[in-house]
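# Per-entry structural report
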Amino acid sequence: MTFVEALRCRECGKTYPVAALHVCDHCFGPLEVTYDYDAIRANVTRESIAEGPQTIWRYSALLPAESPGAIDMGAGCTPLVRADRLAAELGLGELWLKNDTVNPTGSFKDRVVSVALAKARELGFKVAACPSTGNLANSVAAHAARAGMRSVVFVPSDLEPAKIAMTAVFGGTLVAVDGTYDDVNRLCAELTDDHEDWAFVNVNVRTYYAEGSKTLAFETAEQLGWQAPDHVVAPIASGSQLTKIAKGFRELVKVGLIEDTPIRISGAQADGCSPVATAFADGTDAIRPVRPDTIAKSLAIGNPADGWYALDEVRKSGGAIGSVSDDEIRDGIGLLARTEGIFAETAGGVTIATLKKLAASGVVRRDERVVAMITGHGLKTLDAVTERLNPTFTIPPTRAAFEAAYSQED
Ligand SMILES: *Cc1c(COP(=O)(O)O)cnc(C)c1O
Ligand SMILES: [Zn+2]
């Protein structure tokens, strides 16, 4: 049963039927899914959710698709782990990590793809497509393979080798484009006119795709015993995830599943692609597009579609948006791995390094219950860190050689 009411323009409020629409024909604003929250409140309880599957689909009452069917690869219900050792290093109190590295294709994108393709199939689309900075292409190709759909995915040609391989292996069409992600995105927007039965998950079905990110908020609240955290730190690429995390917590309040407590939201970007962090620092509303140059390729969107909405959510909540250098990103990956045993990709390094900065500057406080979103697996971006990661020592196969070398260690 779905409780979707309509699509509504986020700018002018005009409403539309639940169809393959994503922009308002009146003002060109983005459309958003709205639900009958009274009906959800009357029908959905913590207990009914607990009886659902161990995937994002346990929250189907607050998602826009009827049933995932073959599209359900098991996205979501990832661990929320208490991170006391990392908290101690950062001078924080209660810190939790949402470990989305363990999703089926190793990133948070499985949440949004599962929702987008479930809806795309309902709407009659035949082909799964997307412009991607890497992880989305992985996830679309995998979900399409499992559902027996064709896939055509587009990525910048300078992508990490692991992300190329992890997409190509699923057998769909993988198009490498000589250009930035923003070039790839524009190309795909143009192609939607030529290929009307293709669902570009983050373009013409973006309205539905975006809803998948709310499940990060739903799971976090449920895993905290149906409580909201005080402060969430999330990475920003297009800004969709951060925006929808905020919407997700608001919806839980609306349907009576959590209390209405203040939740601060902070964002994380790489210095080499920080248009939203820059607008935050400058105190302006205008997000000036940049040409990305960073090892955090999954976050390298120079002209973020939802950047303004992310900025607005952060400002309204009393959070901040920080950015970090490539070396700080590598340090962040190392710090997370060494303190908590989680190997994250560069986006995770961005989040941890930014959290470290925000903790040091007092934005993220010791008296807060903090949740950081770790959104992709480290094996996807090995090339960014392999230079630093070598055997402690190499020895001939003798006891003496081992003891001699090991005694040099502290
Ligand atoms: C896509 C992505 C994000 C967030 O992307 P948004 O476009 O801001 O929703 C975060 N982390 C990783 C690893 C990603 O691939
Ligand atoms: Zn409008």
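What comes next is a walk through the structure. (Residues numbered from 1 in each chain as written. Chains lettered and ligands numbered in written order. Predicted model: local features only at pLDDT ≥ 70, side-chain atom pairs only at ≥ 80, totals over all residues. Heavy atoms only, no water.)

Here we come to the packing of helix α11 (residues 275-282) against helix α12 (residues 307-317). Relative to each other, α11 and α12 sit at 45°, their axes nearing to 10 Å. What the angle tells us is that α11 and α12 run oblique. The element α11 and its partner α12 pack so that their crossing is right-handed. Within the contact between the two elements, α11 uses V276, A279 and F280 and α12 uses G307, L311, V314 and R315. Here the contact of α11 with α12 is built from residues that sort into 5 nonpolar, 1 polar and 1 charged. (Axes fitted to C-alpha atoms, helices over the stretch in contact; angles between N-to-C directions. Helix = DSSP H or I, 4+ residues; strand = E, 2+ residues; numbered from the N terminus. Parallel < 35°, antiparallel > 145°, perpendicular 65-115°, else oblique. Left-handed = near helix turned anticlockwise from the far one by under 90°. Contact = heavy atoms within 4.5 Å. Nonpolar A, V, L, I, M, F, W, Y, C, P; charged D, E, K, R; others polar.)

Looking now at the coordination of the zinc ion (ligand 2). With distances of 2.2 to 2.3 Å, the protein atoms coordinating the zinc ion (ligand 2) are C9 (SG), C12 (SG), C24 (SG) and C27 (SG). For the zinc ion (ligand 2), the 4 donor atoms in the first shell make angles of 98 to 118° at the metal, so the coordination geometry reads as tetrahedral. In terms of primary sequence, the donors binding the zinc ion (ligand 2) are separated according to C-x2-C-x11-C-x2-C. Of the two residues, C9 is situated in strand β1 (residues 4-9) and C24 in the loop between β2 (15-16) and β3 (31-35); the sequence distance between them amounts to 15 residues. According to the relative accessible area criterion, C9 is buried, its value standing at 3%. (Donors = N, O, S within 2.8 Å, 3.2 Å for Na, K, Ca; no water. Tetrahedral: all angles 85-135°; square planar, octahedral: opposite > 155°, others 65-115°. Buried < 20%, exposed > 50% of the residue type's maximum accessible area, 1.4 Å probe, protein only.)

Moving on, we get to the site of ligand 1. Not every one of the 15 residues close to ligand 1 is listed here, only the nearest: K109, N135, S238, Q241 and T375. In the environment of ligand 1, an oxygen atom lies 2.9 Å from a nitrogen or oxygen atom belonging to the backbone of A237. Within the backbone of G239, an N or O atom sits 2.9 Å from an oxygen atom of ligand 1. Residue composition of the shell around ligand 1, grouped by class: 6 nonpolar, 7 polar and 2 charged. (Near = heavy atom within 4 Å. Polar contact = N/O pair within 3.5 Å; in protein donor to acceptor, adjacent residues only side chain to side chain.)

Bringing the pairing of strand β13 (residues 369-374) into the picture now. Of all 6 residues that make up β13, 6 are buried, and the element is covered over most of its length. The side-chain alternation of β13 yields two buried faces, one formed by R369, V371 and M373 and the other by V370, A372 and I374. The sheet contact formed by strand β5 (residues 94-99) and β13 spans 6 bridges and is parallel. By the bridge assignment, W96 is partnered in β13 with V371. Here strand β10 (residues 231-235) runs beside β13; their pairing, made up of 3 bridges, is parallel. Within β13, the position partnered with V232 by the bridge is V371. (Pairing = 2+ DSSP bridges.)

In a beta sheet, neighbouring strands are held together by backbone hydrogen bonds and run either parallel or antiparallel to one another. Pairing in this open sheet of 6 strands is mixed, and the strands run β4-β5-β13-β10-β11-β12 from one edge to the other. A single partner strand is all that each edge strand has here, and the edge strands are β4 (80-82) and β12 (321-324). The sheet shows a mean angle of 25° between the axes of neighbouring strands, taken without regard to direction. Contacts between helix α9 (residues 214-223) and the sheet are confined to β4, β5 and β13, with β5 contributing the most and set at about 130° to the helix. The strands that helix α10 (residues 240-254) touches are β10, β11 (264-270) and β13; relative to β10, the one it contacts most, it runs at about 150°.

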